[in-house]
Amino acid sequence: MARKNIAAGNWKMNTTVSEGVDLYNSLAEHNVPSDVTVIVGAPFIHLTSLIAAKKDNIKVAAQNCHYENSGAYTGETSPSMLADLGVDYVILGHSERREYFNEGNALLAKKLNAALANGLPVIFCCGESLDIRKAGTQNEYVTKQLEEGLFHLDVSQLQDVVIAYEPIWAIGTGETASPEQAQDMHAHIRSILVDKYGSNAAEEMSILYGGSVKPTNAKEIFGQKDVDGGLVGGASLKADMFKEIIDSF
Ligand code: PEP
């Protein structure tokens, strides 16, 4: 897909189904600018109701999927189930999944392949911890995450991927990377994409920033040259705040 402005919400494990549908309907009333793609990442149990309520201006994402389409994997949800339901995207590799559910780069590569094989576009997350940031090795760390998780794809598959850079130290902490820190990392990611896939593919990749994006900082962050939008946690749970973020491009 060509480079897009994207405001993606990640509801995490928040809202009941009815609260989620209300939130979705409130967002769907918004006059979304034609050059902005809006996505909400909802818990699995919400997805059927959200797809039933779906409007063109707000796309729906799952927050995870398995790497098999079916089988004896109690409690899991497969990419073919999501695709069949009409889900638009799946978020993979969120730092909370990496940390609390032991999802490493090799597993994420399998999930990514399975999602794409089912025609399900992926928001693929990467980002470093505070220790790594303090050590100054964040570029190497993110490079390794992408090399091991993403760079086995060929250039045509890459078109169905959006990258989300989310420094873990800025997620849910109220601490935001400065616009310069975000731009530096996004430029780094785009440069390794150039090396691996060439400049056309790199220019077409949408790279989102995530980490305490709010209405008060979205405009400055999204205004950076290599930042194409945001993956937003807390502020995506409040319709008014998320609408302001949608209007921040
Ligand atoms: C996230 O959930 O991916 C996130 C960035 O959360 P928050 O915006 O709350 O920091």
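Since the structure is predicted, the reported quantities are computational estimates derived from the model, not experimental observations.

(A) Structural detail: the site of the ligand. Around the ligand, the structure places 14 residues, and the nearest of them are K12, E166, G172, S212 and G233. Here an oxygen atom of the ligand sits 2.8 Å away from a polar atom, N or O, in the side chain of H94. Between the ligand and S212, the relevant distance is 2.8 Å, taken from an oxygen atom to a main-chain nitrogen or oxygen of the residue. Across the complex, the protein chains shield 95% of the 300 Å² of accessible surface that the ligand would expose by itself. Residue composition of the shell around the ligand, grouped by class: four nonpolar, eight polar and two charged.

(B) Representation of the packing of helix α5 (residues 105-117) against helix α7 (residues 138-149) within the structure. For the pair α5 and α7, the least separation of the axes is 8 Å and the interaxial angle reads 45°. Of the possible angle classes, the one that applies to α5 and α7 is oblique. The two elements α5 and α7 meet at a crossing, and its hand is right-handed. Across the interface between the two elements, N105, A109 and L112 of α5 pack against K144, Q145, E148 and G149 of α7.

(C) Region of the structure containing the pattern of salt bridges. In total, this model carries eleven salt bridges according to the counting rule given. Where K111 meets E103, a salt bridge forms, and the shortest distance between an N and an O atom there is 2.8 Å. Linking R133 and E128 is a salt bridge whose minimum nitrogen-to-oxygen distance equals 2.9 Å. By relative accessible area, which is 17% here, R133 ends up buried.

(D) Examining unusual backbone geometry more closely. Of note, the phi angle at K12 is positive, near 55°, even though the residue is not glycine. Structurally, K12 is set in the loop between β1 (5-10) and α1 (17-28). Backbone geometry places N102, a non-glycine residue, at a positive phi of 55°. With respect to the secondary-structure elements, N102 resides in the loop between α4 (95-100) and α5. Of the residues examined, N102 reaches a relative accessible area of 69% and is grouped as exposed.

Cut-offs applied
Residues numbered from 1 in each chain as written. Predicted model: local features only at pLDDT ≥ 70, side-chain atom pairs only at ≥ 80, totals over all residues. Heavy atoms only, no water. Near = heavy atom within 4 Å. Polar contact = N/O pair within 3.5 Å; in protein donor to acceptor, adjacent residues only side chain to side chain. Areas by Shrake-Rupley, 256 points an atom, 1.4 Å probe, with all protein chains shown as cover. Nonpolar A, V, L, I, M, F, W, Y, C, P; charged D, E, K, R; others polar. Axes fitted to C-alpha atoms, helices over the stretch in contact; angles between N-to-C directions. Helix = DSSP H or I, 4+ residues; strand = E, 2+ residues; numbered from the N terminus. Parallel < 35°, antiparallel > 145°, perpendicular 65-115°, else oblique. Left-handed = near helix turned anticlockwise from the far one by under 90°. Contact = heavy atoms within 4.5 Å. Salt bridge = Lys/Arg side-chain N within 4 Å of Asp/Glu carboxyl O. Buried < 20%, exposed > 50% of the residue type's maximum accessible area, 1.4 Å probe, protein only.

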